[in-house]
Amino acid sequence: FASPSLAPIFLTDDNSAPSSGQMKLRVVNASPDLGSLDVYVVSPGKSLQGVSPTVSNLGFQSATTYQSLAPGNYEIYFTAAKQKTILIDSGALIFRATQIRTLVAFDATGGYTSALLADMN
């Protein structure tokens, strides 16, 4: 059964090279059930206490612009807007220089999850 609120969203990829020594990340909220989300891009295992969201209030069917990040190990948490309870945890991710990635938050059987897509590299 498909929710009547579901509709395709079309996003234009930006496959231009990241700044020297950087990678690019875009985040998409494709979960009709979660509402607006705050997104935290942090070191793996870091507590969210005292941490401001990297992206605030990302609405359903919305995407961020590509954010430049230093290569390294990250964990990406999704919470309800203005909350600290983690609804989706990407798990530890490794990003390398020159990569371009999109992380999508979506509904899954029995909960919520995310998927990392390789836009380029």
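That block above? That's the structure.
Quick caveat: nothing in here was measured; it's all calculated off a predicted structure.

## A look at the pattern of salt bridges
- Inspection of the entire model under this criterion finds three salt bridges.
- K24 is the salt-bridge partner of D14, the closest N and O atoms lying 3.2 Å from each other. On the criterion of sequence distance, the pair formed by D14 in the segment before β1 (23–30) and K24 in strand β1 is long-range, its members being 10 residues apart.
- Here R26 makes a salt bridge to D119, at a shortest N to O gap of 3.4 Å. With R26 in strand β1 and D119 in strand β9 (residues 111–120), the pair connects residues that are 93 residues apart, well separated along the chain. D119 carries the same exposure label as R26, and that label is buried.
- Where salt bridges share partners, they join D13, R26 and D119 into one cluster.

Parameters at a glance
Residues numbered from 1 in each chain as written. Predicted model: local features only at pLDDT ≥ 70, side-chain atom pairs only at ≥ 80, totals over all residues. Heavy atoms only, no water. Salt bridge = Lys/Arg side-chain N within 4 Å of Asp/Glu carboxyl O. Helix = DSSP H or I, 4+ residues; strand = E, 2+ residues; numbered from the N terminus. Buried < 20%, exposed > 50% of the residue type's maximum accessible area, 1.4 Å probe, protein only.

The quantities given are spatial measurements derived from coordinates; they are silent on function.
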